[in-house]
Amino acid sequence: MIVKMSPTASPSERGAVSEALAQAGFEVQPVALPFGSFLAGLGPGEAFAGKLRAMAGVEWVQPGESTPALGSLEANPGRSTVAIGSCLVGGPSLAVMAGPCSVEGPTQVQTCARFVSAYGATVLRGGAYKPRTSPYSFQGFGREALEMLQEAGRAAGLPVVSEVMDPGDVEAMAPFVDCFQLGARSMQNFPLLKAVGRTGKAALLKRGPSAGLAEFLLAAEYLLLQGNPNVILCERGIKTFETATRNTLDLNAVPILKARTHLPVVVDPSHGTGRRAAVIPMARAAVAAGADGLMVEVHPDPDRALSDGDQSLTLAEFRQLMDEIGPVAEAVGRSLAAPRQGLRQTGSGRRGLGWGAAG
Ligand code: PEP
Ligand code: MN
């Protein structure tokens, strides 16, 4: 049960609603968000909504447990924007989060950072703690990788996003990242969602490989309920019977989510396809569908990547992606952030920036 209080509600009106919820057996949790002041009543009891609606100072009540509330357009009829450092996600300009699947060494991540920044990326991505299907696969370089990512981001003037897998890592990771990535496999790791929610930092919540959109939106409620409005949804493909691609990128999610939530929606065509050749076309399609941004994997030498090389764009291909999404963005009333001309190098692609062995 979520109750949105009127902005003019008096403290005694809030107190009365809170008391009524408590007396009806709900655990009451106040939630202050930029788009409204709410009282959450945790527990069953749909029948009680009518009484609450009649109380002074109450603007709106969402009684359902299985319906998104704080993320809904009823809670905030506007559109939320989320700042990841200097990058505003959900504004007129597209957010482009680019970088390697995994941080493999200082040279690799710095090369990526400089290049993607020069060609218009707005956030640097890079995995330090990797959720791998097999325990025998590369698991990420952990804290060392976070330091390299932060350093590369600073040098290239880009904020950074990296995945957190363990609630116990949230606090230690917070100083290194501008945005926590909650990976597809963690979409329903509720203690993790709560821990990230409590930090108040931006969170990029990826859709679970087998999650419906209703479950995806309810996962976002866990973050919002902590009073953290900085939630970005990311469509990254779902499991289907199709074997030609790693996942099936569900671009239906973009307009459907936009019709149900005020939260920004970005698309990851790298994991959504698993195939390098499909990434640029699906990135164009995502922008055309109205996505607020993209997350793409880029590697200076994908054939030697320690994870997800098959779906990683080369540096030259990233530049091509940026060139190709520009006109699409314009056609749907969006723009790209101006590239950092000063950082541009002559030549592009694997050799252009002199990428050597991973550190
Ligand atoms: C990733 O971004 O590298 C990743 C593991 O993504 P996902 O959680 O979508 O599989
Ligand atoms: Mn990856």
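Rules and cut-offs
Residues numbered from 1 in each chain as written. Chains lettered and ligands numbered in written order. Predicted model: local features only at pLDDT ≥ 70, side-chain atom pairs only at ≥ 80, totals over all residues. Heavy atoms only, no water. Salt bridge = Lys/Arg side-chain N within 4 Å of Asp/Glu carboxyl O. Helix = DSSP H or I, 4+ residues; strand = E, 2+ residues; numbered from the N terminus. Buried < 20%, exposed > 50% of the residue type's maximum accessible area, 1.4 Å probe, protein only. Donors = N, O, S within 2.8 Å, 3.2 Å for Na, K, Ca; no water. Near = heavy atom within 4 Å. Polar contact = N/O pair within 3.5 Å; in protein donor to acceptor, adjacent residues only side chain to side chain. Nonpolar A, V, L, I, M, F, W, Y, C, P; charged D, E, K, R; others polar. Pairing = 2+ DSSP bridges. Axes fitted to C-alpha atoms, helices over the stretch in contact; angles between N-to-C directions. Contact = heavy atoms within 4.5 Å. Core = buried A, V, L, I, M, F, W, Y, C linked by side-chain atoms within 4.5 Å. Domains from an automatic or database assignment. Parallel < 35°, antiparallel > 145°, perpendicular 65-115°, else oblique.

Overview of the pattern of salt bridges
Then step 1. Throughout the structure, instances matching the rule amount to 11 salt bridges.
Then step 2. With its nearest N and O atoms 2.7 Å apart, the salt bridge here joins Glu 235 to Arg 207. Highlighted residues: Glu 235 in strand 12 (residues 231–235) and Arg 207 in the loop between strand 11 (202–206) and helix 7 (213–224), separated in sequence by 28 residues.
Then step 3. Linking Asp 308 and Arg 246 is a salt bridge whose minimum nitrogen-to-oxygen distance equals 3.1 Å. Of this pair, Asp 308 sits in the loop between strand 14 (293–297) and helix 11 (315–331) while Arg 246 sits in the loop between strand 12 and helix 8 (253–260); the two residues are 62 residues apart in sequence, bridging distant segments of the chain.
Then step 4. Of the residues examined, Arg 246 reaches a relative accessible area of 36% and is grouped as partly exposed.
Then step 5. Linked by salt bridges that have partners in common, Arg 207, Glu 235 and Asp 250 make up one network.

Description of the environment of Gly 50
Then step 1. Note on placement: Gly 50 falls in helix 2 (residues 49–53).
Then step 2. As a C-alpha pair, Gly 50 and Val 123 span 73 residues in sequence and 45 Å in three-dimensional space.

Notes on the coordination of the manganese ion (ligand 2)
Then step 1. Within the protein, the manganese ion (ligand 2) binds to Cys 101 (SG), His 271 (NE2), Glu 297 (OE) and Asp 308 (OD); these donor distances fall in the range 2.0 to 2.4 Å.
Then step 2. Spacing between the donor residues of the manganese ion (ligand 2) along the chain follows C-x169-H-x25-E-x10-D. A residue pair is termed long-range when its members are at least 10 positions apart, and Cys 101 in the loop between strand 7 (93–99) and helix 3 (106–118) and His 271 in helix 9 (residues 269–273) qualify at 170 residues.
Then step 3. The exposure class of Cys 101 is buried, given its relative accessible area of 3%.
Then step 4. Judged by relative accessible area, His 271 falls into the buried class, the value being 8%.

What about the site of ligand 1?
Then step 1. Surrounding ligand 1, one finds 13 residues, the nearest of these being Arg 125, Lys 130, Gln 181, Ala 184 and Arg 236.
Then step 2. Here Ala 184 contributes a backbone N or O atom positioned 2.7 Å from an oxygen atom of ligand 1.
Then step 3. The contact in question runs from an oxygen atom of ligand 1 to an N or O atom on the side chain of Lys 206, over 2.9 Å.
Then step 4. A breakdown of the residues in the shell around ligand 1 according to their chemical character gives 3 nonpolar, 3 polar and 7 charged.

Topic: unusual backbone geometry
Then step 1. The phi torsion at Asp 308 lies on the positive side, around 55 degrees, for a residue other than glycine.
Then step 2. Overall, the relative accessible area of 17% leaves Asp 308 in the buried class.

Observations concerning the sheet that holds strand 2 (residues 27–33)
Then step 1. Reading across the sheet, the 4 strands line up as 2-3-1-4 and stay open at both edges, with antiparallel pairing between neighbours. Each edge of the sheet is formed by a strand with only one pairing partner; in this case those strands are strand 2 and strand 4 (58–62). Strand-to-strand, the axes of this sheet are offset by a mean angle of 20 degrees, without reference to chain direction.
Then step 2. Inspection of the sheet shows strand 2 paired to strand 3 (residues 36–42) by 7 bridges, in the antiparallel sense. Paired with Leu 33 across the two strands is Gly 36, which belongs to strand 3.
Then step 3. Its contacts with the sheet place helix 1 (residues 11–23) against strand 1 (2–5), strand 2, strand 3 and strand 4, and it is angled at close to 15 degrees to strand 3.

What about the nonpolar core?
Then step 1. Ranked by internal contacts, the top residues of the largest apolar core, which has 81 residues, are Leu 205, Phe 318 and Leu 321.
Then step 2. Built from parts of two domains, this core gets at least three residues from each of domain 1 (2–62) and domain 2 (82–345).
Then step 3. In this structure, Leu 205 is in contact with Leu 182, Met 187, Leu 193, Phe 216, Ala 219, Ala 220, Leu 223, Ile 232, Leu 233 and Cys 234, ignoring residues within four places of it in sequence.
Then step 4. Within the second largest apolar cluster, 15 residues are counted, among which are Cys 87, Ala 95, Met 97 and Ile 232.

Brief notes about the packing of helix 6 (residues 190–199) against helix 7
Then step 1. Contact geometry for helix 6 and helix 7: axes closest at 7 Å, N-to-C directions at 45 degrees. With respect to helix 7, the axis of helix 6 lies oblique. Across from Phe 190, Leu 193, Lys 194, Val 196 and Gly 197 in helix 6, the residues of helix 7 making contact are Ala 219, Tyr 222 and Leu 223.
Then step 2. Here the residues of the contact of helix 6 with helix 7 sort into 6 nonpolar, 1 polar and 1 charged.

Read these as layout, nothing more, since geometry by itself doesn't imply function.
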